Amino acid sequence: MASIGPQPAGAGASIAGPDNNWASPGNITSSNDARASAALTAPQISDFLSATVFDFSTIPAGSTIDGIVVEVEKSQSGAGTIEDDRVFLTKDGSTLVGTNHSPGAAWTTTDAFSTYGTSTALWGTTWTLAEIQASTFGCLFGAAEGLASLATARVDFIRITVYYTAPAARSRAIILGV
């Protein structure tokens, strides 16, 4: 099994959802302390933060996708408790596919990476190489405020690693004529 990544998101957007938009969603493309943010009070859930435009163009044609790992650098500010709510993949940039990989874990007040998925996790769906290489492939990420206090969810960076098996190399026999 081979891998490519982690590859940074090339674009970020706030996708309409239950409660609050993400401000500055384009800030998720590098780890530089310029963050996307969503202010939440219990029991609010953020809209989806969409991370797309990953470069997986060097995965060889004919490869089989074995697993996908998403890493989110995140933190919170304020008196409340921000938790993971939804972590899904997307094939078209805005529609959830597969299973939710959110553990519901509380966020810290300093930036830290959380990892979702594994080298063998396909997130409850199937993947073609074309889907992985599309500019609309990515992650949809949501947060929730668990206490009756105001808190701000902050996401600094989202990156993805794709694990794959390349097609077997073909050997060519040389036939010598007499």
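Just so it is clear, the model here is predicted, and its values are computed rather than measured. For every chain, the first residue of the written sequence is number 1, and numbering continues from 1 onward in sequence order. In keeping with the predicted nature of the model, local features appear solely for residues at pLDDT of at least 70, side-chain atom pairs appear and are counted solely at 80 or more, and the whole-chain, interface and lining totals rest on all residues. To obtain the side-chain values, all non-hydrogen atoms of the structure were included, while hydrogens and water were left out.

## Remarks on the sheet that holds strand β4 (residues 48-52)
What counts here: Here, any two strands with at least 2 DSSP bridges between them count as paired. Only DSSP runs of H or I reaching four residues or more are called helices, and only runs of E reaching two or more are called strands; each is numbered from the N terminus.
With respect to topology, 5 strands assemble into an open sheet ordered β2-β4-β9-β6-β7, the strand pairing being antiparallel. Strand pairing shows two members of the sheet lacking a second neighbour, β2 (11-15) and β7 (96-97), which therefore form its edges. As defined by bridge partners, β4 adjoins strand β9 (residues 138-145) across 3 bridges and the pair is classed as antiparallel. Across the sheet, the residue bridging to A51 is C139, located in β9.

## With respect to the pattern of salt bridges
Side-chain pairs of opposite charge can arise whenever the charged atoms involved come near each other. Spelled out, the test is: Salt-bridge detection follows one rule: a side-chain nitrogen of Lys or Arg within 4 Å of a carboxyl oxygen of Asp or Glu. The classification of residues rests on relative accessible area computed with a 1.4 Å probe and restricted to protein chains. Under 20% of the type maximum is buried, over 50% is exposed, and intermediate values are partly exposed.
Tallied over the entire structure, the rule returns 6 salt bridges. Note that D85 and R86 form a salt bridge whose closest N and O atoms lie 2.5 Å from each other. The partly exposed category is assigned to D85, whose relative accessible area is 22%. Each member of the salt-bridge network shares a partner with another, and the members are D33, R35 and D111.

## What to know about the side chain of E73
Worth spelling out the cut-off: Residues scored as positive are Lys and Arg, those scored as negative are Asp and Glu, and His as well as the terminal groups of each chain are ignored. Here a polar contact is taken to be a pair of N or O atoms separated by no more than 3.5 Å, where protein atoms must pair a possible hydrogen donor with a possible acceptor and residues adjacent in sequence count only if both atoms sit in side chains. Whether two residues are in contact is decided by their heavy atoms, any of which lying within 4.5 Å being enough.
Looking at the element boundaries, E73 is found in strand β5 (residues 64-78). The charged side chain of E73 is buried without a salt bridge, its nearest counter-charge being R35 at 6.8 Å. Separated by 2.7 Å, the side chains of E73 and S31 make a polar contact. Aside from chain neighbours lying at most four places away, what touches E73 is S31, D111, A112, F113, R154, V155, D156 and F157.

## Structural notes on the environment of S46
Inspection of the secondary structure puts S46 in the loop between β3 (36-41) and β4. Given a relative accessible area of 0%, S46 falls into the buried group. With 40 residues separating them along the chain, S46 and P6 place their C-alpha atoms 25 Å apart.

## Topic: the confidence of the model for the protein chain
Reading fine detail from the predicted coordinates is not recommended where pLDDT is low. For clarity, the threshold we go by: Per residue, pLDDT captures the predictor's confidence, and it can take any value from 0 to 100.
Averaged over every residue, the pLDDT of the protein chain is 92; residues scoring 70 or more account for 93%. Mean pLDDT across the secondary structure elements of the protein chain bottoms out at β3, with 94, and peaks at helix α1 (residues 129-133), with 98.

## Section: the packing of aromatic side chains
We describe a pair of aromatic rings using the distance from one ring centre to the other and the angle between the two ring planes. Definition in use: Aromatic contacts are taken between Phe, Tyr and Trp rings whose centres are within 6.5 Å, Trp giving its six-membered ring; a plane angle under 30 degrees counts as stacked, one over 60 as edge-to-face, and the others as tilted. By definition here, charges over rings are those cases where NZ of Lys or CZ of Arg is within 6 Å of the ring centre and within 35 degrees of the ring normal.
Per the stated rule, a full pass over the model turns up 7 aromatic pairs. Both rings, one in F54 and one in F56, keep their centres 6.2 Å apart while their planes meet at 20°; by these two values the pair is stacked. Neither residue differs from the other here; F54 and F56 are each classed as buried. By the ring-pair criterion, three or more aromatic residues cluster together here, those being F54, F56, W127 and F137. Just above the ring of F48 sits the side chain of R86; from NZ or CZ to the centre is 4.0 Å. Here K91 stacks its cationic end above the ring of W127, 4.8 Å away from the centre of that ring.

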